[in-house]
Every structure is written in structure tokens, then in C-alpha cells.
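As a plain string of letters, each chain reads:
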Amino acid sequence: QVQLVESGGGLVQTGGSLRLSCVASGVTFSSYAMGWFRRAPGKEREFVAHSDRHGGITIYADSVKGRFTVTRDNAHNAAYLQMNSLKPEDSAVYYCAASTAVYGAIYSSDYKQWGQGTQVTVSS
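Residues numbered from 1 in each chain as written. Predicted model: local features only at pLDDT ≥ 70, side-chain atom pairs only at ≥ 80, totals over all residues. Heavy atoms only, no water.

The subject of this paragraph is the pairing of strand β4 (residues 33–39). Burial analysis of β4 places 6 of its 7 residues in the buried class, which makes it a mostly covered element. The sheet contact formed by β4 and strand β9 (residues 92–99) spans 7 bridges and is antiparallel. Within β9, the position partnered with G35 by the bridge is A97. As paired strands, β4 and strand β5 (residues 46–51) are joined by 5 bridges and run antiparallel to one another. Following the sheet pairing, G35 is matched in β5 by H50. The turn joining β4 and β5, which pair antiparallel and follow one another in sequence, is formed by 6 residues; a positive phi near 80° is taken by G42. (Buried < 20%, exposed > 50% of the residue type's maximum accessible area, 1.4 Å probe, protein only. Helix = DSSP H or I, 4+ residues; strand = E, 2+ residues; numbered from the N terminus. Pairing = 2+ DSSP bridges.)

What follows is the structure in C-alpha cells.
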């Protein structure tokens, strides 16, 4: 059974940094592309970042490009989202997800396995 568990969320001031982690179990991790999404109160879930199966190709939402970095460690079944220069509008529940797509999975429908989410709050 596939399980994704996020951690690393919290409260940070504007301009601060956080590093989210997503640890997978029950899967051959290197067979899955990984994505990060977020949902803010009253808004729909939105794409944040994507990594292909080996971390060689990444895609970012325009709103986070240059500030967020997605990486992965297949040896440890983990994916990470380094978030720098955080802004209040980055406040949301962040989810990691796994996709069997080879490349370019930027839509929620591309992903079948999801974590439970971790809260990120950026104070102004």
C-alpha cells in the first residue's frame, strides 16, 4: 500500500525559509514522478512543483519559480521542497503526490497517490 507522509511545515516570517519533506513507503520510489501542490483557505488546490523520476527535470509554478526548489533522494524514498523568500501568499496546506507519468505531470489528475498535507503559515 502506497503511503506518502509530509513533514516540515510550520510558522515562519516573511522572507524566511522552510524545507518540506515527503517520505514514501510501499512503492518503488524511483518509478514515480513527484509533485507538490498546495491549497490555501477558500482556494482550489494548485500546482507548485514537479520532479521527474530521477530529479533531472523539474517544473515550477510561475508564482514560486526562483524561490522554491524540488529535489529527491531515491535511495531514501524521499522528496523535498525547499522554500525560500516566503511570502504570506505562500500560506497553505502543502501536499506531495506521486505520479506514474514520465514527465510533465502538473495537474492534480496526473497524480493518484497523495500525502495528508502539512501546514505552512507565513506571517507578515
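This is not the end of the story, as more comes after the structure.
Further remarks concern the state of the cysteines. Scanning the model with the defined rule gives 1 disulfide in all. Disulfide pairing is shown between C22 and C96; the S-S distance is 2.0 Å. Judged by the sign of its S-S torsion, about 60°, the bond between C22 and C96 is right-handed. Taken as a pair, C22 in strand β3 (residues 18–25) and C96 in strand β9 lie far apart in primary sequence, 74 residues in all. Of the residues examined, C22 reaches a relative accessible area of 0% and is grouped as buried. Given a relative accessible area of 0%, C96 falls into the buried group. (Disulfide = S-S within 2.5 Å.)

Moving on, we come to the sheet that holds strand β8 (residues 78–83). Through backbone hydrogen bonds, the strands of a sheet pair up, either in parallel or in antiparallel fashion. Spatial strand order, β1-β3-β8-β7: 4 strands in an open sheet with antiparallel pairing. Since the sheet does not close on itself, it has two edges, and those belong to β1 (3–7) and β7 (68–73), each with one partner. Sheet twist, expressed as the mean angle between neighbouring strand axes with direction ignored, is 15°. Two elements, β1 and β3, share 5 bridges in a ladder whose sense is antiparallel. (Axes fitted to C-alpha atoms, helices over the stretch in contact; angles between N-to-C directions.)

Bringing a nonpolar patch on the surface into the picture now. On the surface, a cluster of nonpolar side chains totalling about 300 Å² of accessible area is made up of I57, V102 and Y103. With respect to the helices and strands, the residue Y103 is situated in the loop between β9 and β10 (113–114). Residue Y103 is classed as exposed on the basis of its relative accessible area, which comes to 51%. (Patch = residues over 30% accessible without salt bridge, like charges linked within 9 Å, V, L, I, M, F, W, Y side chains within 5 Å. Areas by Shrake-Rupley, 256 points an atom, 1.4 Å probe, with all protein chains shown as cover. Salt bridge = Lys/Arg side-chain N within 4 Å of Asp/Glu carboxyl O.)

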